[in-house]
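Structural overview for review
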Amino acid sequence: MWILMYVFSYSVSPAATNDRAEWRLLPNVVFQEFSNEERCRAAKSTLEGSLMEAGAKLKSGLEDLKSIGKGDPAQIIIAFNVECLPK
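Quick look at a nonpolar patch on the surface
Taken together, the side chains of Met-52, Leu-58, Ile-78 and Phe-80 define a hydrophobic patch exposed on the protein surface, amounting to about 360 Å² of accessible area. Elements that contribute at least two residues to the nonpolar patch include exactly helix H1 (37-67) and strand E3 (78-86). For Leu-58, the location among the structural elements is in helix H1.

Considering the state of the cysteines
For the structure shown, the criterion picks out one disulfide. Through a disulfide, Cys-40 is tied to Cys-84; the S-S separation comes to 2.1 Å. Note on the Cys-40 and Cys-84 pair: the S-S dihedral is about -105°, so by sign convention the disulfide is left-handed. Separated by 44 residues along the polypeptide, Cys-40 in helix H1 and Cys-84 in strand E3 bring together distant segments of the chain. Residue classification places Cys-40 among the buried positions, given a relative accessible area of 0%. On the basis of relative accessible area, Cys-84 is assigned to the buried category, the value being 10%.

Here we look at the pattern of salt bridges
Applying the stated rule across the entire model yields three salt bridges. As a salt-bridge pair, Lys-57 and Glu-53 come within 3.3 Å of each other at their nearest N and O atoms. Residue Lys-57 and its partner Glu-53 are both found in helix H1; the two are separated by four residues, about one turn of the helix. Exposure remark for Lys-57: the relative accessible area of 57% places this residue in the exposed category.

A short note on H1
Side chains of residues three or four places apart in an α-helix project in the same direction, reflecting 3.6 residues per turn. Spanning 31 residues, H1 covers 45 Å between terminal C-alpha atoms, matching the ideal 45 Å at 1.5 Å per step. For H1, the complete set of buried residues consists of Cys-40, Lys-44, Gly-55 and Leu-62.

Calculation notes
Residues numbered from 1 in each chain as written. Predicted model: local features only at pLDDT ≥ 70, side-chain atom pairs only at ≥ 80, totals over all residues. Heavy atoms only, no water. Patch = residues over 30% accessible without salt bridge, like charges linked within 9 Å, V, L, I, M, F, W, Y side chains within 5 Å. Areas by Shrake-Rupley, 256 points an atom, 1.4 Å probe, with all protein chains shown as cover. Salt bridge = Lys/Arg side-chain N within 4 Å of Asp/Glu carboxyl O. Helix = DSSP H or I, 4+ residues; strand = E, 2+ residues; numbered from the N terminus. Disulfide = S-S within 2.5 Å. Buried < 20%, exposed > 50% of the residue type's maximum accessible area, 1.4 Å probe, protein only. Expected span 1.5 Å × (residues − 1).

In structure tokens:
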């Protein structure tokens, strides 16, 4: 049985304005086929780790900007969901 790995990610990208009404939500769906569930779960674990690390780096950078009054981590939303599903 083939296994599909779906990645649903959403990010808010601010336009060239501070008006939140002008921000856009951009969904992305990506999938990959695997020959077995174990390989899918290993890839899922690796991908989730990478996404968490990237989010932590982004948050840290925004905290640095906030400390000098140039940004705020509360203005950015990062969400993801990674699933291994039977095909």
